[in-house]
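Chain and residue survey
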Amino acid sequence: MDALSYIIKKFKADITSPNLPIALHQINRTIMAQTLGELGFRVGVEVGVAEGLHAKVLCENIPNLKLHCVDIWNKYPGYEEYADPEDCFRQAHERLKPYKVIFHRQFSMDAVKDFDRGSLDFVYIDGAHDFRSVAEDIFEWSKRVRIGGIVFGHDYKHWRPWKSRNIIDVRPVVEAYCYAKNIHPWFELANDIKDKTFGPDSPGWMFVRQNKDKI
Ligand SMILES: C[S@@+](CC[C@H](N)C(=O)[O-])C[C@H]1O[C@@H](n2cnc3c(N)ncnc32)[C@H](O)[C@@H]1O
């Protein structure tokens, strides 16, 4: 079964709903990783890895996964979420030792150049969350996913307090991108089941690449 039909059936999604995104319930990040495993996915990218918590969830739940881990693991103007990026890198390295991972310690927009169009089963986007970074990530990385593959990410939210650096622009970027690129259906991952790694979690977003996409 193709990925879109499989997901619609597994999560009982109502794709006749006129409202987008279509919510997927009874899900968390572990269940999503298991779903990619059930679909037989083998090669993917995580953009924004930090200590490797989610990368480990992917590796544990997707048999024989080859995971490219993309993260700058450094502070730069406009992004300072982690006090000690070097320690994050060390933790990711340690945590992901048992798995088939390739580290790309680069800016996302540099790393993406090393991947061919349509070469990936999935990409998970969770790097910087400001408007420009999310837009660059979704525009460029989506091209690298094959038809039938999955593009998904974390923090489907909009949080832009005045003068705060804690900006989350994921929601408006994903919405605009999906409308502009003729993507239908696309989904909000409710993350309504407590995850054993993350506990209560932010929602995510997701779409399956199709031939009709203007990507
Ligand atoms: C929210 S954390 C990732 C958390 C991880 N996905 C998880 O759930 O376990 C975001 C990461 O993105 C990285 N990052 C931010 N902007 C980036 C960029 N432009 N290129 C590469 N990595 C970036 C940061 O270094 C940070 O480690």
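Anything mentioned here points back to the structure above.
Conventions and cut-offs
- Residues numbered from 1 in each chain as written.
- Predicted model: local features only at pLDDT ≥ 70, side-chain atom pairs only at ≥ 80, totals over all residues.
- Heavy atoms only, no water.
- Phe/Tyr/Trp six-rings, centres within 6.5 Å; stacked < 30°, edge-to-face > 60°.
- Lys NZ or Arg CZ within 6 Å of the ring centre and 35° of its normal.
- Pairing = 2+ DSSP bridges.
- Helix = DSSP H or I, 4+ residues; strand = E, 2+ residues; numbered from the N terminus.
- Axes fitted to C-alpha atoms, helices over the stretch in contact; angles between N-to-C directions.
- Contact = heavy atoms within 4.5 Å.
- Buried < 20%, exposed > 50% of the residue type's maximum accessible area, 1.4 Å probe, protein only.
- Polar contact = N/O pair within 3.5 Å; in protein donor to acceptor, adjacent residues only side chain to side chain.

1. Notes on the packing of aromatic side chains
If you walk through the whole model with that rule in mind, you get 13 aromatic pairs. When the centroid spacing of 6.4 Å and the interplanar angle of 25° are considered together, the rings of W205 and F207 count as stacked. Through pairs of rings, three or more aromatic residues link up here, namely F139, Y177, W205 and F207. Between the NZ or CZ atom of R29 and the centre of the ring of F198, over which it lies, the distance is 3.7 Å. Its guanidinium or amino end placed over the ring of F89, R105 lies 4.4 Å from that ring's centre, counting from NZ or CZ.

2. Side note on the sheet that holds strand β1 (residues 22–24)
Two orientations exist for strands paired in a sheet by backbone hydrogen bonds: parallel and antiparallel. If you trace the eight strands from one edge of the open sheet to the other, you get β1-β7-β8-β6-β5-β2-β3-β4, paired in mixed fashion. Each edge of the open sheet is held by one strand with a lone partner, namely β1 and β4 (101–104). The mean inter-strand angle of the sheet, taken between neighbouring strand axes irrespective of direction, is 20°. For strand β3 (residues 66–70) and β4, the ladder comprises four bridges, and the chain directions are parallel. Its bridge partner being in β4, V70 is matched across the sheet by H104. Of the strands in this sheet, β5 (120–125), β6 (145–154), β7 (187–189) and β8 (204–208) are in contact with helix α2 (residues 29–38), which crosses β6 at around 170°. Sheet strands in contact with helix α6 (residues 131–143) are β2 (43–47), β3, β5, β6 and β8, and its direction is about 170° off that of β5.

3. Section: the environment of D169
Of note, D169 is situated in the loop between β6 and α7 (170–180). By relative accessible area, D169 is classed as buried at 1%. Separated by 96 residues in sequence, D169 and W73 have C-alpha atoms that sit 21 Å apart. Residue contacts for D169: discarding those within four places in its chain leaves H129, D130, F131, K157, H158 and R160. Only 2.9 Å separates the side chain of D169 from the backbone nitrogen of F131, close enough to count as a polar contact.

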